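Residue-level listing of the chains:
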Amino acid sequence: MTSDKSFYEFISNGVPGPEQKVDADNAIMPARKLAFSRFKELGLPTIKTEEWRYTNVQRFLKDAFTLAQEEQATVTPEQLKAASIPQLDSYRVVLVNGRLQTDLSELPAGGKITVSKLSDAAGNAQLQAWFDKHPHLQSQPFAALNAALFADGLFIEAGVNATLDKPIQIIHVYTASANAFIQPRHLVVLHKSATLEIIESAVGLNDSAIAFVNAVTEVVLEENAELWHYNIQSTIKNSRHIYHTSATQKADSRYHHFNFTLPSAELTRNNLSVALTGSNTETNLHGLYLATGTQHVDNHTFVDHLVPNCNSNELYKGVLLDDANGVFTGKIHVHQDAQKTNAFQQNNNLLMSEKANINSQPQLEIYADDVKCSHGFTVGRFSEESLFYLRSRGIGEEAAKSLLVNAFAFDITDQVHIPALQDFLAEKIRQYVAGAINN
Amino acid sequence: MLTIKNLHAEVDGKKILKGINLEIRKGEMHAIMGPNGSGKSSLSSVLAGRENYTVTEGEVIFEGKNLLDLSPEDRAREGLFLAFQYPVEIPGVSNLHFLKTALNEIRTYHNLPPLESKEFLKLTKEKQQLVDFNANLMNRSLNEGFSGGEKKRNEVFQLAMLDPKLAILDETDSGLDIDALRIVAAGVNKLRNADKAFMVITHYQRLLEYIVPDFVHVLYNGQIVKTGTKELALELEEKGYDWLKEEVHQKESV
Amino acid sequence: MRNSNEIIDDIANREYEFGFTTDIEMEMAPVGLNEDTIRFISAKKEEPEWMLEWRLKGFQAFKKMQFPKWQHFEMPELDLQKLSYYAAPKKKKQLGSLDEVDPELLATFEKLGIPINEQKALAGVAVDVVFDSVSVATTFKAKLQELGIIFCSFGEAVRNHPDLVKKYLGTVVPHSDNIFAALNAAVFSDGSFVYIPKGVRCPMELSTYFRINAENTGQFERTLIIADDNSYVSYLEGCTAPRRDENQLHAAVVELVAMDHAEIKYSTVQNWYPGDKDGNGGIYNFVTKRGICKGKSSKISWTQVETGSAITWKYPSVILQGDDAEGEFYSVAVTRNKQIADTGTKIYHLGRNTRSRIISKGISAGLSDNTYRGLVQVGPRAANARNFTQCDSLLIGDRCGAHTFPYIESRNSTATVEHEATTSKIGEDQIFYLNQRGIETEKAVALIVNGYAQEVLNQLPMEFAVEARKLLSITLEGSVG
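What you are looking at is a predicted structure, and each value in this text was computed from that prediction instead of being measured.

Moving on, we come to the overall build of chain B. Within chain B, the secondary structure is distributed over 9 helices and 12 strands. In terms of C-alpha radius of gyration, chain B reaches 18 Å, essentially the compact-globule figure of 18 Å for 254 residues. Projecting the C-alpha coordinates of chain B onto the three principal axes gives extents of approximately 65 × 40 × 35 Å. Among the 254 residues that make up chain B, the fraction classed as buried is 54%. Accessible area for chain B stands at about 11500 Å²; split by element, carbon and sulfur atoms hold 47% of it. Averaging the coordinates of the 32 positive side-chain charges in chain B and doing the same for the 38 negative ones gives two points 3 Å apart.

This is the structure we're talking about:
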């Protein structure tokens, strides 16, 4: 526990180091140790750190945390249901604080797709090959901390040509009886020509203590693999989240990532990065953040074009209500060899209240000449003209506003290819906007 | 004026032109017709010197000079003009400034002094009226935001301004409504004279009702497979290209 | 036909046109930077005590500061102790007319094509020439005096208009703003001062030509322009420097103050020596330029054409304090060989209904790096603020870099901020089209680049625009095959 000591001190000297971790055969122990020294060297970011200039993470680390936490919890069917997507036919994977609960789960069986505890897969060659190897994680202090001291997580592997009849829904349950720093770690590997749909959602069970989640997911798409990856971030107020999702795409692969940040975690920081290491890939990054109260939502995305002929397309939209704080930083890096790159990025924001604010940094860093790249940013409020039009047709102000927000978000939700999920999101957005407007 | 002998060309290793032979003399109007993909536009590109085409065999003599040895700009300066099928847009470069630069480059090549602004504007006005070109488009950026018809009319206006010896019109009629087509054709007809030759590339006979050719050549599979007069165009309009294709295949199989 | 590599090599090898030096006897300060240096400069300039004190405050701030680390290039090691901080042509007496100016110097201006002669006077250009930091000739003073306009060297202003200088000096760029501004505050040698009284529209473009001549000197000029209520002024600044193997530092400060309904238009064509093709020598152009729209409905507009310097690192900024105030930034930055440009603007929307517009066109060739970095900040009071930003990058060749780093901070829900950026290269089809009309590739590129930069060049006063166009053509002629 800390309180007078800084979080950095606490981690560096106050907790058992990575060598205390008991992984099945310790195959990843060297990587853990390396990560720990990397963390110590990097230190924790301050607002003077360029990538954190708009998110004062120190403020969220002042409380005393413990790294020890519940490995199981009583999850009622009602609680599970709250985090489930109605009408969605899917496999179900339930984790409590990052630990797979097989009794609550419904895993795909007998096929080429396996879902297991990361700790059980410690001897797996894929895990050894990919664990903490993503180049973009190397400079991230929280990712290093996660690699060094993570408790457990998921390992999902899809074999060559593997495909599933329905999506896998992963429900992350977070619970803490005392302020806890929870570190799940996941690895998803799709082998050649495999296809998978993953939907992640989260639920917080206990708001008497703070759950600080520092999660890392590494994604590997081998040649011609395709992953639809949905992440729905909607938990309780007393939770703070830092996510790193880092994907590696080999030739001809397709990665579709959707990120929905909804109320009401105090802090959400998403680091989404994609390294394109093979040609002719397709990357679609869609994000919607809808923040209310004093929520702080920070999306950092990074698309790294290393090779020629890749296409990336990014659209992030934000709706900020009340006193909410939004941050968007999107970077497109086109390396000298990455000719014929098409890379587009757009970030649009709607400020719905006087006190909400947005900080945005869309960045292009380009070293190849035969490319098409662009980025765009807008912030504004919805058109008074449209609002008036709707009201003159007899629609009440709240309903009209809600309608306009939904219309604004439509570009994102429309890209969701699962109807049940699409409906679920539309309904969530409607509820949150109505709640905030009525406030 | 222009002699093409056994011209073979390829692009990215794919053979496109497979032995073109053609003779064009002063004052003549030649129409090149043919089905899609027969090599019509490739022929114009090779003559104008587009870089991605490689000539593998044959020669082209233009006004006594070996055309294929010249850079694209020198071909233009020697008097070869290509009206593009898809004229490019160049933002920020005004039509007028562009034309003045082009005209004076060509004049310098022929050891003529550059045109004074006054003379240039006079010439511009004269040619605008001749080909019925909207003066409002003169100060706009080159082709930027022009409609399809406006772009094609700009090509004909440039043709009038630069006064080449041989003008190649590459599908100038495609995408034009009948009114625009009439205006474009009228412009071309006004520019016809005993010293100038034209090569009109088209997919449709319609254009040839307005611009009457002296010769019609049918291009198929990279070769000129038939040559005739304007009646050939009518025949093609009626029967399509299939009968010709069959004829060619029969010949090949013999 | 020549291939693109040959053409690129050709421009890379093209020599810097203005790389000659002038042999004039100089009076220089001893090498090194300490309090004595500052006292030396102040004494040389016969400054009053308050000026010296302000300089020393700047020096105190400077000593506590470090070079920033956020830039997108490798910061060269600068040894500020090896520079001399004061250089002035030795023959120094009050000059009344051009005839009294050193003929060598006039010959230099002639080579630069500076509009200092009578014909240019008829064209309506008043020139304050700053030669190695000291103003030697100011023309058309009389005519401006009639209107109550003050246009003089900074030193003169300190002597003759101390109240105005005291009132505004450091109010826009404080002595401790950043390390280079602090350095400038401590050691600035001269510069220009402009005051436009209430209701006066300055009838001619005011122009200053800066030129670094002496070896091992930094140029630290300081410009202060105040436009009082309902006034207007257009100010031009042009820069060249001779070719030398070692690097030279240029750390100028420009402060603009616009009162109610006043407008200041500030144009720069910067053509400092960029170094040779291997990146040896060249000017480090680290300049702090900032304007404040203090009054309501005031307007400040920055236009810059940047083709020179080894490293250009500057962000002409506007603080929109008055309601309905307007800020503009138009920029063309061209880099080639190993040049680096990290430039852009910062616009602070503080007042209500404030508007800003940013148009930036970067062109990179060779092994150069060209970065747009800009901040648009909308404060909580800035109801209905509007910003539009367009950043375009044009790449010539595949060994250069183009980067766009905008920072957007909006704290008011009624504000509208739009940012667009694109990156492209010169299209082969565009070149071919122009070739087919008889225009050779070199000219075609110049034409396309000028067209690309048109929106910015249009903002320049006529005479300057012609020069800028020529500069762009010379700089980039034929860099595409």
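Counting secondary structure elements, chain C contains 13 helices and 24 strands. For chain C, the residues scored as buried account for 66% of the 481 residues in total. Of the contacts formed within chain C by residues at least 6 apart in sequence, a portion of 85% connects residues at least 24 apart. If you sum the accessible surface of chain C, you get close to 17000 Å²; carbon and sulfur atoms cover 46% of it.

Residues and elements named next belong to chain B. An order of S2-S1-S4-S5 is seen for the 4 strands of this open sheet, with the pairing classed as antiparallel. Because the sheet does not close on itself, it has two edges, and the strands there are strand S2 (14-24) and strand S5 (65-66). The strands that helix H1 (residues 40-48) touches are strand S1 (2-11), S2 and strand S4 (53-62); relative to S1, the one it contacts most, it runs at about 105°.

This next bit is on the interface of chain A and chain C. Where interface size is quoted, it is often the accessible area lost as the parts come together. Listed per partner, the contact involves 34 residues of chain A and 32 residues of chain C. The tally of links from chain A across to chain C stands at 0 salt bridges. Run the count over chain A and chain C and you get 13 residue pairs in polar contact (both at pLDDT 80 or more). Contributions of two or more residues to the side of chain A that touches chain C are made by strand S19 (357-366) and strand S20 (372-380) of chain A. In terms of residue count, the dominant contributor to the side of chain A that touches chain C is S19(A) (10 residues). Across the side of chain A that touches chain C, the residue classes break down as 13 nonpolar, 13 polar and 8 charged.

This part is about the packing of aromatic side chains. Scanning the entire structure with this criterion turns up 27 aromatic pairs over all chains. Here Phe131(A) and Phe150(A) contribute two aromatic rings whose centre-to-centre distance is 5.7 Å and whose plane-to-plane angle is 50°, an arrangement assigned as tilted. Of this pair, Phe131(A) sits in the loop between helix H4 (125-130) and helix H5 (141-149) while Phe150(A) is found in the loop between H5 and strand S4 (154-158), placing the two residues 19 residues apart along the sequence. Residue Phe150(A) is classed as buried on the basis of its relative accessible area of 2%. Aromatic pair Phe180(C) and Trp313(C): ring centres 5.9 Å apart, planes at 70°, arrangement edge-to-face.

Attention now moves to the layout of surface pockets. Of the voids in this model, the largest pocket is the one considered here, and its volume is about 1300 Å³. What lines the largest pocket is a set of 39 residues, among which Glu50(A), Glu51(A), Arg53(A), Trp70(C) and Tyr407(C) lie closest to the centre. Looking at the lining of the largest pocket, the elements with two or more residues in it are strand S11 (239-249), strand S13 (267-276), strand S15 (296-305), strand S17 (325-334) and S19 of chain A together with strand S19 (346-349), strand S21 (369-378) and strand S23 (401-410) of chain C. For the lining of the largest pocket, the leading source of residues is S21(C), giving 4 residues. Looking at side-chain class alone, the lining of the largest pocket contains 11 nonpolar, 18 polar and 10 charged residues.

Bringing the pairing of strand S11 (residues 253-258) of chain C into the picture now. Residues and elements named next belong to chain C. In terms of burial, S11 is a largely internal element, 6 of the 6 residues being buried. In this sheet, S11 lies alongside strand S8 (residues 222-227) in parallel orientation, the contact comprising 6 bridges. Residue pairing in the sheet places Leu224 in a bridge with Glu255 of S11. Pairing of S11 with strand S13 (residues 282-293) involves 6 bridges; the strand directions are parallel. The residue bridging Val254 from the neighbouring strand is Lys289, located in S13.

UniProt tags residues 2-246 of chain B as "domain: ABC transporter" (unreviewed entry). Helix makes up 39% of residues 2-246 of chain B and strand 29%, with an end-to-end C-alpha separation of 30 Å.

Below, the discussion takes up the pattern of salt bridges. Residue and element names in this part refer to chain A. As enumerated under the stated definition, the model contains 45 salt bridges over all chains in all. Measuring nitrogen to oxygen at the nearest pair gives 3.3 Å for the salt bridge that ties Asp132 to Arg38. On the criterion of sequence distance, the pair formed by Asp132 in the loop between H4 and H5 and Arg38 in helix H2 (residues 29-42) is long-range, its members being 94 residues apart. Of the two residues, Asp132 and Arg38, neither departs from the other in class, the shared state being buried.

A word on the interface of chain C and chain B. The interface is formed by 19 residues belonging to chain C together with 32 residues belonging to chain B. It is Phe432(C), Tyr433(C) and Arg437(C) in chain C that bury the most area against chain B; as a group they hold 35% of the surface buried on that side. For the pair chain C and chain B, the interface holds 2 salt bridges. Between Glu155(B) and Arg437(C) there is a salt bridge; the shortest N-O distance is 2.7 Å. The set of elements that each furnish at least two residues to the side of chain C that touches chain B consists of helix H10 (428-436) and helix H11 (441-452) of chain C. Looking at the side of chain C that touches chain B, the element that brings in the most residues is H10(C), giving 7 residues. Along the lines of polarity and charge, the residues of the side of chain C that touches chain B split into 8 nonpolar, 7 polar and 4 charged.

Residue and element names in this part refer to chain C. Scored by pLDDT, chain C has a mean of 79; 76% of the residues are at 70 or more. Under a pLDDT of 50 for its full length, residues 91-96 has, in the predicted model, 7 contacts with residues more than four places off or in other chains. Predicted complex, confidence summary: ipTM 0.82, pTM 0.80.

It is worth spelling out the sheet that holds strand S6 (residues 80-83) of chain B at this point. Residues and elements named next belong to chain B. Spatially, the 6 strands line up as an open sheet ordered S6-S9-S10-S3-S11-S12, and their pairing is mixed. The two strands at the open ends of the sheet, each matched to only one other strand, are S6 and strand S12 (223-228). Averaged over all pairs of adjacent strands, the angle between strand axes in this sheet comes to 20°, irrespective of strand direction. One ladder, built from 5 bridges, connects strand S9 (residues 166-170) with strand S10 (residues 197-201); its direction is parallel. Counted as the bridge partner of Ile168 is Met199 from S10. Contacts from helix H8 (residues 230-239) reach strand S3 (29-33), strand S11 (215-220) and S12, with the element oriented near 45° to S11.

According to the stated counting rule, one finds 0 disulfides over all chains in the structure shown. The cysteine Cys391(C) is free of any disulfide, with Cys373(A) supplying the nearest cysteine sulfur at 14 Å.

On to the pairing of strand S9 (residues 211-221) of chain A, then. Residues and elements named next belong to chain A. A large share of S9 lies buried, amounting to 11 of its 11 residues. Of the two faces of S9, the one carrying Ala211, Val213, Ala215, Thr217, Val219 and Leu221 and the one carrying Phe212, Asn214, Val216, Glu218 and Val220 are both buried. Strand direction decides the pairing type here: strand S6 (residues 180-182) and S9, joined by 3 bridges, are parallel. Looking at the pairing, Ile182 lines up with Val213 of S9. Pairing geometry for strand S7 (residues 185-190) and S9, over 6 bridges, is parallel. Residue pairing for S9: Val188 is matched across the bridge by Val219. Taken together, the 11 bridges between S9 and S11 define a ladder with parallel strand orientation. Its bridge partner lying in S11, Val213 is registered against His241.

Each value, and the rule that gives it
- Residues numbered from 1 in each chain as written.
- Chains lettered and ligands numbered in written order.
- Predicted model: local features only at pLDDT ≥ 70, side-chain atom pairs only at ≥ 80, totals over all residues.
- Heavy atoms only, no water.
- Helix = DSSP H or I, 4+ residues; strand = E, 2+ residues; numbered from the N terminus.
- Rg over C-alpha atoms; globule rule 2.2 N^0.38 Å.
- Buried < 20%, exposed > 50% of the residue type's maximum accessible area, 1.4 Å probe, protein only.
- Areas by Shrake-Rupley, 256 points an atom, 1.4 Å probe, with all protein chains shown as cover.
- Lys, Arg positive; Asp, Glu negative; His and termini not counted.
- Charge placed at Lys NZ, Arg CZ, Asp CG, Glu CD.
- Contact = heavy atoms within 4.5 Å.
- Pairing = 2+ DSSP bridges.
- Axes fitted to C-alpha atoms, helices over the stretch in contact; angles between N-to-C directions.
- Salt bridge = Lys/Arg side-chain N within 4 Å of Asp/Glu carboxyl O.
- Polar contact = N/O pair within 3.5 Å; in protein donor to acceptor, adjacent residues only side chain to side chain.
- Nonpolar A, V, L, I, M, F, W, Y, C, P; charged D, E, K, R; others polar.
- Phe/Tyr/Trp six-rings, centres within 6.5 Å; stacked < 30°, edge-to-face > 60°.
- 1 Å grid on protein atoms, 1.4 Å probe; cavity = no way out; pocket = protein on both sides within 12 Å on 5 of 7 lines; lining within 4 Å.
- Points joined across faces, edges and corners; volume = space filled by probe spheres on them.
- UniProt positions renumbered as here; feature names shortened; annotations may be inferred.
- Buried area = accessible area lost by both parts, 1.4 Å probe.
- pLDDT = per-residue confidence, 0-100.
- Disulfide = S-S within 2.5 Å.

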